[in-house]
Number of protein chains: 2
Amino acid sequence: MSEWSWSKTEKKIARKAFDTAYLREIKQIEEEVKKRVESFKEKNDVWDLHDYLTERRRDIDRKYDYRYSQLIWVFARLMIDGYLKEEDLEGLSEHKLLAIREFIKLARSNR
Amino acid sequence: MSEWSWSKTEKKIARKAFDTAYLREIKQIEEEVKKRVESFKEKNDVWDLHDYLTERRRDIDRKYDYRYSQLIWVFARLMIDGYLKEEDLEGLSEHKLLAIREFIKLARSNR
């Protein structure tokens, strides 16, 4: 078994972390939508809301890619964006966690 | 002056009716958005809201065409959809009001 293959336990952890992050992000979008709706004022506000949702949806469709070949990077990105903490990934191999941390470092250094 | 040209007074009435209908429709969309937001439940609700706004925006972009050559039909459509009443168009020539009524009849008979 290669260091990059996912054990049954790891797959379960990954799926849960992935879904958790997704729900957290949706929750955050819902909160933003609520805030915007409560302060509807100008006639264009409803279209600004539409633009906001279009952008978030595009971003999310791109980001949530559940292929095992992509997951390390996806998790790194979700940690950077604040939708996952390392404890959500507890139980993944040390090798994978290390790779995620390296990805995060790399992404942060490129900012 | 042709029967189809718009006097200064008619242009003023038309502009006001057009803007009034637009605001009424936006108001209605805002109400629908509020209703949906209040009952957010499933994780897809936020994308259903996005789909709804995409559809309404496309519809509105198509419908609100302020060219004098189009206005008779636009007003007929807005009356059919319930965003204008004939009193909003009071002051337009009898010729134009008649044309609007005919358009409405035609549209209704084609349903």
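What counts, and where the lines are drawn
- The numbering scheme is per chain: residues are counted from 1 as the chain's sequence reads.
- Key to labels: chains lettered from A, ligands numbered from 1, both in the order written.
- pLDDT decides what is reported in this predicted model: residues at 70 or higher carry local features, side-chain atom pairs at 80 or more are listed and counted, and totals for whole chains, interfaces and linings draw on all residues regardless.
- Only hydrogens and water are set aside; all other atoms, that is, all heavy atoms of the structure, feed into the side-chain values.
- Put simply, DSSP H or I for four residues or longer makes a helix, DSSP E for two residues or longer makes a strand, and each gets a number counted from the N terminus.
- With C-alpha atoms as the basis for the radius of gyration, the globule rule is written as 2.2 Å multiplied by the number of residues raised to the power 0.38.
- Categorising residues by exposure relies on relative accessible area from a 1.4 Å probe, with only protein chains included: less than 20% of the type maximum marks a residue as buried, more than 50% marks it as exposed, and the intermediate range marks it as partly exposed.
- The contact criterion used is simple: two residues touch if any of their non-hydrogen atoms lie within 4.5 Å.
- Only the protein chains shown count as cover for residues, and all accessible areas are computed by the Shrake-Rupley method using a 1.4 Å probe.
- In this tally, Lys and Arg are treated as positive and Asp and Glu as negative; His is ignored, and so are the chain termini.
- To locate a charge, take atom NZ for lysine, CZ for arginine, CG for aspartate or CD for glutamate.
- When two parts are put together, the accessible area they lose, computed with a 1.4 Å probe and summed over both, is reported as buried area.
- Definition used for salt bridges: Asp or Glu carboxyl oxygen within 4 Å of a side-chain nitrogen of Lys or Arg.
- We call two N or O atoms a polar contact when they sit within 3.5 Å, provided that within protein one can donate a hydrogen and the other can accept it, with sequence-adjacent residues counted only if both atoms are side-chain atoms.
- Where helices are involved, their axes are fitted lines through C-alpha atoms of the stretch in contact, as for all axes, and angles between N-to-C directions lie from 0 to 180°.
- Here the angle decides the label: under 35 degrees means roughly parallel, over 145 means roughly antiparallel, 65 to 115 means roughly perpendicular, and every other value means oblique.
- Put simply, a crossing is left-handed when the front helix is turned counterclockwise from the back one by less than a right angle, and right-handed when it is turned clockwise.
- Working definition of a nonpolar core: buried Ala, Val, Leu, Ile, Met, Phe, Trp, Tyr and Cys residues. They are joined through side-chain atoms within 4.5 Å.
- When the copies are overlaid, the least-squares fit takes in C-alpha atoms only where the residue has pLDDT of at least 70 in both copies.
- All residues other than Ala, Val, Leu, Ile, Met, Phe, Trp, Tyr, Cys, Pro, Asp, Glu, Lys and Arg, Gly among them, are scored as polar; the first ten of these are nonpolar and the last four charged.
- Whether two aromatic rings pair depends on their centres lying within 6.5 Å, for rings of Phe, Tyr and Trp, where Trp uses its six-membered ring; planes under 30 degrees apart make the pair stacked, over 60 edge-to-face, and the rest tilted.

Attention now goes to the overall build of chain A. A tally of helices and strands in chain A yields 4 helices and 0 strands. Listing the helices and strands of chain A from first to last along the sequence gives α-α-α-α. Here the C-alpha radius of gyration of chain A, 17 Å, is well above what a compact globule of 111 residues would show, namely 13 Å. When its C-alpha atoms are laid out on the principal axes, chain A stretches across 60 × 30 × 20 Å. Classification of the 111 residues of chain A by burial places 41% in the buried group. A sequence separation of at least 24 residues applies to 67% of the contacts in chain A between residues at least 6 apart. Of the roughly 6900 Å² that chain A leaves accessible, carbon and sulfur atoms contribute 49%. Side-chain charges in chain A split into 25 positive and 23 negative, and the spacing between the mean points of these groups amounts to 2 Å.

A word on the interface of chain B and chain A. Between chain B and chain A, the residue contacts involve 21 residues of the former and 21 residues of the latter. Together, the buried faces of chain B and chain A total about 2100 Å²; carbon and sulfur atoms form 73% of this surface. For chain B, the biggest contributors to the area lost against chain A are Trp47, His50 and Arg57 of chain B; these three give 33% of the whole. For the pair chain B and chain A, the interface holds 2 salt bridges. Notably, a salt bridge pairs Arg57 of chain B with Asp51 of chain A, separated by 2.9 Å at the nearest N-O pair. Mapped by element, the contributors of at least two residues to the side of chain B that touches chain A are helix H1 (8-38) and helix H2 (45-63) of chain B. Element by element, the count of residues in the side of chain B that touches chain A is highest for H2 of chain B, at 10 residues.

What follows concerns the environment of Lys63 of chain A. Residues and elements named next belong to chain A. Along the polypeptide, Lys63 turns up in helix H2 (residues 45-63). Residue contacts for Lys63: discarding those within four places in its chain leaves Glu25, Val74, Arg77, Leu78, Asp81 and Tyr83. A polar contact of 3.1 Å, which involves the side chain of Lys63, links it to the side chain of Glu25.

All names here are of chain B. The interhelical angle for the contact between helix H3 (residues 71-80) and helix H4 (residues 94-109), taken along N-to-C directions, is 55°, at an axis separation of 9 Å. Between H3 and H4, the crossing angle belongs to the class labelled oblique. Regarding H3 and H4, the two cross each other, and that crossing is right-handed. Seen from H3, the contacting residues are Ile72, Trp73, Phe75, Ala76, Met79 and Ile80; seen from H4, they are Lys96, Ala99, Ile100, Phe103, Ile104, Ala107 and Arg108.

This part takes up the nonpolar core. Among the nonpolar cores identified, the biggest contains 72 residues, and Val33, Leu53, Phe75 and Ile100 of chain A together with Val33, Leu53 and Phe75 of chain B are the most heavily contacted of them. For this core, the secondary structure elements donating two or more residues are helix H1 (8-38), H2, helix H3 (71-80) and helix H4 (94-109) of chain A together with H1, H2, H3 and H4 of chain B. Sequence-distant contacts of Ile100 of chain A, defined by excluding residues within four places in its chain, comprise Ile72, Phe75, Ala76, Met79, Leu89 and Leu92 of chain A.

A few words on the relation of the copies chain B and chain A. Least-squares fitting of chain B to chain A yields an RMSD of 0.1 Å, with the superposition described by an axial translation of 0.0 Å and a rotation of 180°. Such values leave the two copies arranged in the relation of a two-fold axis. Residue His50 of chain B of chain B places its C-alpha closer to the rotation axis than any other residue of that unit, at 3.2 Å. Same-surface contact between copies: 100% of interface residues of chain B are shared with the interface of chain A.

With that settled, the discussion passes to the side chain of Lys96 of chain A. Residue and element names in this part refer to chain A. Along the chain, Lys96 falls in helix H4. By relative accessible area, Lys96 is classed as buried at 1%. A polar atom in the side chain of Lys96 sits 2.9 Å from the backbone oxygen of Ser5. Beyond its immediate sequence surroundings of up to four residues, Lys96 is in contact with Glu3, Trp4, Ser5, Trp6, Glu10 and Ile72.

What follows concerns the packing of H1 of chain A against H2 of chain B. Two numbers describe how H1 of chain A lies on H2 of chain B: the axes approach to 10 Å, and their chain directions differ by 50°. If you check the angle between H1 of chain A and H2 of chain B, you find them oblique. Here H1 of chain A contributes Tyr22, Ile26, Ile29, Glu30 and Val33 of chain A to the contact with H2 of chain B, which in turn contributes Val46, Trp47 and Leu49 of chain B. Across the contact of H1 of chain A with H2 of chain B, the residue classes tally to 7 nonpolar, no polar and 1 charged.

Looking now at the packing of aromatic side chains. All names here are of chain A. Across all of its chains, the model carries 12 aromatic pairs over all chains by this definition. Taking 5.3 Å as the distance between ring centres and 85° as the angle between the ring planes, the aromatic pair formed by Phe18 and Tyr64 counts as edge-to-face. Within this pair, whereas Phe18 is found in helix H1, its partner Tyr64 is found in the loop between H2 and H3, the two being separated by 46 residues in sequence. The pair Phe18 / Tyr64 is uniform in exposure class, with both members buried. By way of ring pairs, the aromatic residues Trp6, Phe18, Tyr22, Tyr64, Tyr66 and Tyr68 are connected into one cluster.

By themselves, these are just geometric observations and shouldn't be taken as functional.
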